[in-house]
Amino acid sequence: MIETVLAITCIGFGCSFALAIAAKFFEVKENPKIGEVNNLLPGANCGACGYAGCMDYAKAVVNDDAELNLCAPGGSDVTASLCEYLGKTAEAAEKQVAIVLCMGTDDVAKRRFEYNGIADCRSAQLVGGGDKACTYGCLGYGTCASVCPTNAIEMINGVAKVHPELCIACGKCISVCPRNLIKLVPAKSTVHILCSSKDKGPIVRKVCTSGCIGCTMCVRLTKEEESISMDGFLAKIDYTKEVQNKAIVEKCPPKCIIDTSNN
Amino acid sequence: MNILKAKFKIHGGVHPKYRKELARNEETKRLPLPKILRISTTQHLGAPSKPVVKKGDYVKKYQLLAEAAGFISAPVHSPAAGTIKDIVAGTGATGTPISEIILETNTTSDEDLVGVFPTNDWNTLSPETILNRVREAGVVGAGGAGFPTYVKLSPPPGKEIQTLIINGAECEPYLTADYRLMMEHPKCLVEGIQIICKVLNVQDAHIAIEDNKPEAIELLSKYIKDNGIENIKIATLPTFYPQGAEKQQIFAVTGKQVPSGGLPSEVGVLVENTGTTVAIYNAVVKDLPFIERTTTVSGYGIENPSNVIAPLGTPYQDLIDFCGGAKDGVKKIISGGPMMGFAQATTETTTTKTTSGLLLLTAKEISQYESAPCISCGRCIAACPMNLMPAELSQFCEAEDFESAAANRVMDCMECGCCAFSCPAHRPLVQHFRTAKAFLRAQPKK
Amino acid sequence: MSEEQFYSVSSSPHVHSGASIHGIMRDVVIAMIPAFIAAVIFFGLDAVRLTVVCVASCVIFEYLSRRIMKRNQTISDLSAVITGMLLAYNLPPSFPTWMAIVGSFVAIVIAKQLFGGLGYNPFNPALAGRLFLFLSFAFAMSGNWTDWNYINADNIAAITGATPLGMLQESTGSISFLSSNSNILNLFLGRVNGCIGEVSSLALILGGIYLLWRKVITWHIPVAYIGTVAVFATILYVIDPTGNASPLFHLFSGGLMLGAIFMATDMVTSPTDKSGMLVFGIGCGLLTMIIRKWGSYPEGVSFSIFIMNAATPLLNRVCKPKMFGLKKGKA
Amino acid sequence: MIKLILIVISAVLVNNFVLSRFLGICPFLGVSKKTSTALGMSGAVVFVMTLAAAVTWLVQTYVLDKLGIGYMQTIAFILIIASLVQLVEIILKKFLPSLHAALGIFLPLITTNCAVLGMAVLSIQNKYTFVETVVFGFASSLGFALALVLFTGLREKIDRSNPPKAFKGVAIALITAALLSMAFMGFSGLV
């Protein structure tokens, strides 16, 4: 019985002795902090922080002092834990969600030609500039929906729609949309102008009945708060300010302003 | 004997139904001056030219409308006298936004033109003045790319051009504009070639013509023999598509392979289109700017297909009406050839310096793409003149794995269409590669 | 511009050679007709029964699986019909019908539709079906044969129940009589025992010539495959003529012709590059002879093609055409 | 000498560790995403299995059999294999950090890889001599590498296929592995 225990223990010692020599001989310096920071991150490896996954972001945070609030899925609580671990201060990033600034669904917006090709927005844009009559509108081939890691985007009647509660603001849909219709806006903002067409009114009216015709009604109604300004013939919301005057939703002639607070 | 058979045969290539007989035998007709011309400022490869006229100006014929913006660019001249109605945004033949100069022509007086000083003997001109005339005339490659010709004719220092090839292959089906040019203006073509030889001080030049144009070969060789010109020979090429592609033609005539990503000048060869050569002749000898070009209006959807000389900026609808109007059942309108041309949504688009053809095709002439899976039958690989693997590349693009596509040299694809032409599953291969190339071009250089 | 009449717009090119998957598959079906006629001549009603059952069940299974997966229907491209015919050709005449249906299920549903349909399957569906049946219903696959009169050692027409390869497998003493030319002629014409589609090498070669003429397949795989088997068999034959059968025997017996012309050349599961095809053919040839010579199964064709199908993705990565304009050596 | 060749053929083709004996499936499925990691993994497994074969045989004959405590075999073998894997991990971290990061969790997993332990125990059961054990260890790791590389090639093709949603990912990989093992049954009886 004793020999068994002795034999096994000396095998154990032999192995550990060999490993100790090897560890000393091939030693690689690595900062233990990186492992610590990595454990604080959610580990979704979504790349929203711009690094190739959480381990990479941890290395950047420790070695070259990267921003602490870049982790979108983690949001403010990850930023807080990072600050507290590294003893730094960083203003907590406000929770953001993506939104598609177009509501030209197939029943209101016209098509220009019968498209015969790949059902992918980037590919469709290359063939004749996309088959939607409006040169700014959403083509509706769902590339953003297919690329969204949390399936937060749904194609409704030919236009993409983001479900804010699922969106982790990783920005993948933004880079993939050939017409740059998707913007990151503060989650709590409810009033949105769902159009990105810079064309003059008559041209917009010819291609889409619910496109912004640049009548500046909403700008005049929200004059005091200056929350809406004109960019050419397109009304744009300044998301740093809160839009109070909800009357613009009814007053807007083409009805392209929506207010998501009620539903 | 100044006719030699091209010795080298490239890999791949396909045989589409050429249907050239539709618009081959009649003379080229001239379109009466349309009332409205919408002249695009993106008539060439490179930066769009900047308009020098504004709304309401009255311009004479040949007057400069837009000047070149930058080194790779070309000026645009007014094809007729008239008043500038407006400068608006429009869509080009490829669907990309362009800005158009709308010119209301006064069709009454056609003589109201800017002074023109033809020279009777171009030999006296030095290469520099020839190059300047070519630049000022706004001559661009008429083959389809529209690369400014004077940039091409001044090769980078240290690169010596040994052989000049005049591309008379015109391998795209339906198109016969170059053929008619060779038949009707051999003198302008041959002298144009000699002018280029002078500029590049090249000793010998070849006119590459496919052997499905025997009359052109015979006529040109007789013209060359009668005028005792030694340094121009005719290279007959077997007829297949894409015989007219630059890299393939260089290989077919000289056996040299242009290195991947390199320019033909690196192997000491320069290829010039027949249409461009005649434009050079007009610019240098007759001092005429590039204001009109021959376009083949063809296809089974047009009443009487023919070759038409039309001023730049002519709306397609005018060309169609001039050729007897469209038959019913036209499914597709294409600017350029059926293999590399761009399908049009409307007939409002206008002609530019690179519009080699306008095709009205009925359902039985065109094909429909389907999203069928690739059965790796290898026909696209056998057809690819660049010896790539379209089957594998398209599967990478479908899986949006553009890095592997780049590793398999998708950037070297010249979008000639041979693969999609021969794919039994009707897969949109060229569109896959264009998406991949657009994505890779947008990538910041790492 | 008339509003409602939209023009069709797509990427270039706008014209097409007219080839279609349906066209290719139709040519393959036509090429398999001679083998079917030979099967009916030698095995009569059984051949018809098996072929009809397999083709019908393959088409039905494909229709059902496409319906369940809510995908577009692809039974019109005849690939299911070909899989059915190929599977039937690999079955002995005495094979029970319900097992053929099980084989068709494995071939179509598991080996093809689960991967997403035609073009995505890494293995040849008909072969997957055959191997599944071969390994699970070994007895039924060996089948009780009708008699085959072969001319034995002292050249009297004797009757035996086994297939030619089966006899080669079990025989201990000298088997040089197997390679007598009268037996070889029987083998070539198909008057032997064996699976219904593989017996008549003549009919299969006719089909192969039709496919080559229609440019559905290229010569690389069949020639490489049959060539390797011939060379390997000759070497064995030269070493020990009594213990091994003659190369001709190996060529015309078993499933070699059927495998080399119809199953190995399946475009989806074979390499796309010419050099890759040659390596594929040689690989199949070597494996077939190894299994025939030393393996425990008499027939190695199905296994070798199946294994080489697994190697096809690697072959596709290694054997690539050299790009036009690349200096020597630069990949 | 013939026996060695037979061992090699049987270990690589006939009773291939992955496809016939179904040992070492988890790294087989885990690492077969990209060929580079698969090759790296195969290299590591070949190194570990060959060394493990040698060391375990020595320990078995000179320690366990001498003291008659054959029943301690499993613990002793696991101890040796674990330390060998740790050795490989240190070496890889030093010389091939990129491969080390790419392999990730699958490198330490070799410790519990049933193929390694299986090979050690099998060689003892088959009463191989020392040379035969080492050859058997090397051949079975070659078999593992062959199956892994073949399967990685297949995996890259089926990753581009679009199976129904329920079968995406590992499910379709398992089906492909099943078909592949069906193919390898052709070699049975070869030896």
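The coordinates are above.
Residues numbered from 1 in each chain as written. Chains lettered and ligands numbered in written order. Predicted model: local features only at pLDDT ≥ 70, side-chain atom pairs only at ≥ 80, totals over all residues. Heavy atoms only, no water.

Caption draft 1: Representation of the pairing of strand β8 (residues 82-91) of chain B in the model. Residues and elements named next belong to chain B. With two bridges connecting them, strand β5 (residues 58-59) and β8 associate as antiparallel partners. Along β8, the bridge assignment pairs Y58 with T83. In this sheet, strand β9 (residues 97-105) lies alongside β8 in antiparallel orientation, the contact comprising nine bridges. Along β9, the bridge assignment pairs V88 with E100. The turn joining β8 and β9, which pair antiparallel and follow one another in sequence, is formed by five residues; a positive phi near 95° is taken by G95. (Pairing = 2+ DSSP bridges. Helix = DSSP H or I, 4+ residues; strand = E, 2+ residues; numbered from the N terminus.)

Caption draft 2: The arrangement of the interface of chain C and chain A in detail. At the junction of the two partners, chain C supplies six residues and chain A supplies seven residues. Carbon and sulfur atoms make up 64% of the surface buried where chain C meets chain A, a total of about 620 Å² over both sides. Among the residues of chain C in contact with chain A, F6, V9 and S10 of chain C are the three that bury the most area, contributing 68% of the side total. Scanning the region where chain C abuts chain A turns up zero salt bridges. Summed over the shared surface of chain C and chain A, the number is three residue pairs in polar contact (both at pLDDT 80 or more). Here the residues of the side of chain C that touches chain A are counted per class, giving three nonpolar, three polar and no charged. (Contact = heavy atoms within 4.5 Å. Buried area = accessible area lost by both parts, 1.4 Å probe. Salt bridge = Lys/Arg side-chain N within 4 Å of Asp/Glu carboxyl O. Polar contact = N/O pair within 3.5 Å; in protein donor to acceptor, adjacent residues only side chain to side chain. Nonpolar A, V, L, I, M, F, W, Y, C, P; charged D, E, K, R; others polar.)

Caption draft 3: Main features of the packing of aromatic side chains. All names here are of chain D. For the structure on display, the rule yields 19 aromatic pairs over all chains. Consider the rings of F28 and F151, whose centres lie 4.5 Å apart with planes at 25°: the pair is stacked. Separated by 123 residues along the polypeptide, F28 in helix α2 (residues 25-30) and F151 in helix α8 (residues 130-159) bring together distant segments of the chain. Exposure remark for F151: the relative accessible area of 0% places this residue in the buried category. (Phe/Tyr/Trp six-rings, centres within 6.5 Å; stacked < 30°, edge-to-face > 60°. Buried < 20%, exposed > 50% of the residue type's maximum accessible area, 1.4 Å probe, protein only.)

Caption draft 4: The sheet that holds strand β3 (residues 36-40) of chain B, seen in detail. An order of β3-β9-β8-β5 (chain B) is seen for the four strands of this open sheet, with the pairing classed as antiparallel. This sheet does not close on itself; its edge strands, each paired only once, are β3 and β5 of chain B.

Nothing here speaks to function; it is all geometry.
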